[in-house]
Amino acid sequence: MFDLNDSIRCWRSAFSQHEECSAEDVQELESHLREEVAALERSGLSEQEAFSVSVSRLGPPDEVCGEYAKADPGQLWGHRIYWMAAGVVCWLSVRSLLNALGALAAGMTLLLGVRHGVAFRIAGVAAGLCSLSALVWCAWACYSRGLPQGIVSRLTALTATRTRRVACIVGFLAVRMSAWVTSLLLVRRFRTFEAVNAYVSIALIRTVLSVAFLVVIVVFVVSQAGRRCGSAVPTTR
Amino acid sequence: MPQSRELVAASATPMVLSILNRGESYGYAIIQEVRRLSDSEIEWTDGMLYPVLRRLEKQGLVRSEWRPAETGKKRRYYWIEKPGRTVLREHQRQWLVAHRVLSKLWEQAPCLT
């Protein structure tokens with residue numbers, strides 16, 4: 001049974017895979033497609049026939065997106081730099097997680113009064129590596145199977161516009177800087193057991209926030225990947 | 001014989017600017033207008049119009065904004081700006097020169113049939 005909205009969703013995902021086309025461009029093309037389908041239906045074609053003709057009239061996604069790239073090469077590079085920045089934020093998040101677990105191990109060493117905390121440090125690093133593996137597995141599971149749509153749409157809305165994405169990155173970096181400065185000041189000022197406690201607490205807060213930002217970025221990547229499509233979409237004229 | 005790709009590409013910008021010079025419009029309507037005026041002899045690959053509109057907007061010749069349409073969905077409307085009118089006048093001059101030269105050549109050419 002032909003479903004127009006499902007077919008349009010599949011058609012959109014073919015365009016969304018091209019970084020040359022922004023979400024607004026794809027929105028505009030979809031608006032055109034729907035008007036063409038409506039006009040062809042009025043002239044007597046069935047919904048499926050109208051959709052096939054409209055898609056072939058619009059042209060193959062590769063060619064259309066290639067023309068967009070020629071029209072505005074600056075936008076393409078802006079998009080690439082954004083993803084490079086997102087990759088750096090991802091790496092910083094993972095590093096924070098490992099640092100925090102290492103700090104936790106060091107804190108526990110001091111609390112238990114053990115002089116040589118090598119075993120605890122190794123445990124901390126191992127825990128960090130297991131967490132990293134679990135995160136990578138989660139990201140792969142999300143990519144291949146997809147997250148529940150409710151979570152995806154809410155978290156995608158958080159990174160929907162360029163302003164929000166920039167705000168996420170700036171917020172993350174501000175948290176990292178403030179946590180690092182605070183812990184450094186505390187340890188330098190007090191050099192006591194309480195300061196070590198405070199350092200571990202701040203490291204844990206940093207971990208939670210880093211993981212939260214990491215999840216947002218992973219979900220953003222997942223949302224860009226698009227859903228699997230059932231029906232084949234004609235692309236040649 | 002269908003229109004040559006080079007001719008379609010070269011004429012796209014002056015056609016779009018001329019249509020927008022009459023009044024603001026949106027992508028689908030621009031394509032329909034070109035089809036109507038050419039008696040369907042000129043059939044653009046619809047998707048190719050939008051990169052042209054993007055390029056014209058980036059050059060500052062046209063501007064656009066999203067508005068709600070009568071269908072209930074949003075539509076992107078375009079209108080021409082002052083630099084666009086200047087560029088359009090130059091296109092008009094160049095095309096009229098080419099038209100004049102070709103007209104003279106074809107009137108003077110001996111009949112081949």
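Residues numbered from 1 in each chain as written. Chains lettered and ligands numbered in written order. Predicted model: local features only at pLDDT ≥ 70, side-chain atom pairs only at ≥ 80, totals over all residues. Heavy atoms only, no water.

Undergrad: I would appreciate a short explanation of the overall build of chain A in the present structure.
TA: Helix and strand counts for chain A come out as nine helices and zero strands. When the helices and strands of chain A are read in sequence order from the N terminus, they spell out α-α-α-α-α-α-α-α-α. Residues counted as buried form 34% of the 237 residues belonging to chain A. Of the roughly 13800 Å² of accessible surface on chain A, a fraction of 64% belongs to carbon and sulfur atoms. (Helix = DSSP H or I, 4+ residues; strand = E, 2+ residues; numbered from the N terminus. Buried < 20%, exposed > 50% of the residue type's maximum accessible area, 1.4 Å probe, protein only. Areas by Shrake-Rupley, 256 points an atom, 1.4 Å probe, with all protein chains shown as cover.)

Undergrad: Teacher, can you tell me more about the packing of helix α2 (residues 23-42) of chain A against helix α3 (residues 47-58) of chain A here?
TA: For any two helices packed against each other, the geometry comes down to the angle between their axes and how far apart the axes lie. All names here are of chain A. Running from N to C, α2 and α3 cross one another at 135 degrees; their axes reach a closest spacing of 8 Å. With respect to each other, α2 and α3 are oriented oblique. By crossing handedness, the relation of α2 to α3 is classed as right-handed. Judged by residue contacts, L29, H32, L33, E36, V37, L40 and E41 of α2 engage E47, A50, F51, V53, S54, V55, R57 and L58 from α3. Residues that form the contact of α2 with α3 fall into these classes: nine nonpolar, two polar and four charged. (Axes fitted to C-alpha atoms, helices over the stretch in contact; angles between N-to-C directions. Parallel < 35°, antiparallel > 145°, perpendicular 65-115°, else oblique. Left-handed = near helix turned anticlockwise from the far one by under 90°. Contact = heavy atoms within 4.5 Å. Nonpolar A, V, L, I, M, F, W, Y, C, P; charged D, E, K, R; others polar.)

Undergrad: Quick question: what am I supposed to make of the side chain of H32 of chain A here?
TA: Mapped onto the fold, H32 of chain A is located in helix α2. When its relative accessible area of 1% is taken as the criterion, H32 of chain A is described as buried. Leaving out residues up to four positions away in the same chain, H32 of chain A has contacts with L58 of chain A together with G27, Y28, I31, D46 and Y50 of chain B.

Undergrad: What's the story with the pairing of strand β3 (residues 74-80) of chain B in this structure? I'm lost.
TA: Side-chain direction in a regular strand flips from residue to residue, so the side chains alternate between the two faces of the sheet. Residue and element names in this part refer to chain B. Burial analysis of β3 places five of its seven residues in the buried class, which makes it a mostly covered element. For strand β1 (residues 25-26) and β3, the ladder comprises two bridges, and the chain directions are antiparallel. The partner of S25 across the bridge, within β3, is Y78. Note that strand β2 (residues 62-68) and β3 share seven bridges and pair antiparallel. The partner of V62 across the bridge, within β3, is I80. Where β2 folds back onto β3 in an antiparallel hairpin, the turn is made up of five residues, including G72, whose phi is positive at roughly 100 degrees. (Pairing = 2+ DSSP bridges.)

Undergrad: Looking at this structure, I do not really get the packing of aromatic side chains. What am I missing?
TA: Aromatic rings considered in pairs are described by the distance between their centres and by the relative angle of their planes. All names here are of chain B. Here the structure, examined in full by the defined rule, presents two aromatic pairs over all chains. Ring plane angle 70 degrees and centroid distance 5.4 Å describe the contact between Y26 and Y77, whose orientation is recorded as edge-to-face. Note that Y26 is positioned in strand β1 and Y77 in strand β3, a separation of 51 residues in sequence. Residue classification places Y77 among the buried residues on the basis of a relative accessible area of 13%. The ring of Y26 has R75 lying over it, and the distance from NZ or CZ to the ring centre is 3.9 Å. (Phe/Tyr/Trp six-rings, centres within 6.5 Å; stacked < 30°, edge-to-face > 60°. Lys NZ or Arg CZ within 6 Å of the ring centre and 35° of its normal.)

Undergrad: Can you walk me through the interface of chain A and chain B in this structure?
TA: Think of interface size as the accessible area that goes away when the parts come together; that is how it is often given. On the side of chain B, 22 residues touch chain A, which itself brings 24 residues to the contact. Between chain A and chain B lies a buried interface of about 2100 Å² when both sides are counted; carbon and sulfur atoms form 52% of it. Ranking the residues of chain A by area buried against chain B places E28, H32 and E35 of chain A at the top, with a combined share of 29%. Taken together, the connections running from chain A to chain B amount to five salt bridges. The salt bridge involving E35 of chain A is made with R75 of chain B; its shortest N-O contact spans 2.9 Å. Across the chain A-chain B interface, the total number found is nine residue pairs in polar contact (both at pLDDT 80 or more). For the side of chain A that touches chain B, the elements supplying multiple residues, two or more each, are α2, α3 and α4 (61-71) of chain A. Considering only residue class, the side of chain A that touches chain B consists of six nonpolar, six polar and twelve charged. (Buried area = accessible area lost by both parts, 1.4 Å probe. Salt bridge = Lys/Arg side-chain N within 4 Å of Asp/Glu carboxyl O. Polar contact = N/O pair within 3.5 Å; in protein donor to acceptor, adjacent residues only side chain to side chain.)

Undergrad: Teacher, can you tell me more about the packing of helix α1 (residues 4-16) of chain A against α3 of chain A here?
TA: Residue and element names in this part refer to chain A. As a packed pair, α1 and α3 sit with axes 11 Å apart at the nearest point and diverge in direction by 20 degrees. Taken as axis vectors, α1 and α3 run roughly parallel relative to one another. Along this stretch, α1 crosses α3, giving a crossing that reads as right-handed. Here L4, S7, I8 and W11 of α1 lie close against α3, whose contacting residues are E47, F51, V55 and L58. Residue composition of the contact of α1 with α3, by class: six nonpolar, one polar and one charged.

Undergrad: Whenever I open this one, α4 of chain A confuses me. Can you help?
TA: Helical geometry: 3.6 residues make up each α-helical turn, so side chains three or four residues apart lie on a common side. All names here are of chain A. Residues P61, V64, C65, Y68, A69 and A71 constitute the buried set of α4. Burial along α4 is one-sided: seen end-on, the buried residues are contained in an arc of 165 degrees. For α4, exposure combined with an orientation more than 90 degrees from the buried face picks out D62 and K70. (Arc of directions from axis to C-beta.)

Undergrad: Sorry if this is basic, but what is going on with the nonpolar core here?
TA: Soluble, globular proteins show a tendency: their nonpolar side chains are buried together. Core analysis: the biggest nonpolar cluster contains 37 residues, and W11 of chain A together with W44 of chain B have the highest contact counts within it. Put simply, the parts of the chain that give this core at least two residues each are α1, α2, α3 and α4 of chain A together with α1 (5-22), α2 (27-37), α3 (46-58) and β3 of chain B. (Core = buried A, V, L, I, M, F, W, Y, C linked by side-chain atoms within 4.5 Å.)

So, to be careful, I would describe these as geometric facts and stop short of saying anything about function.
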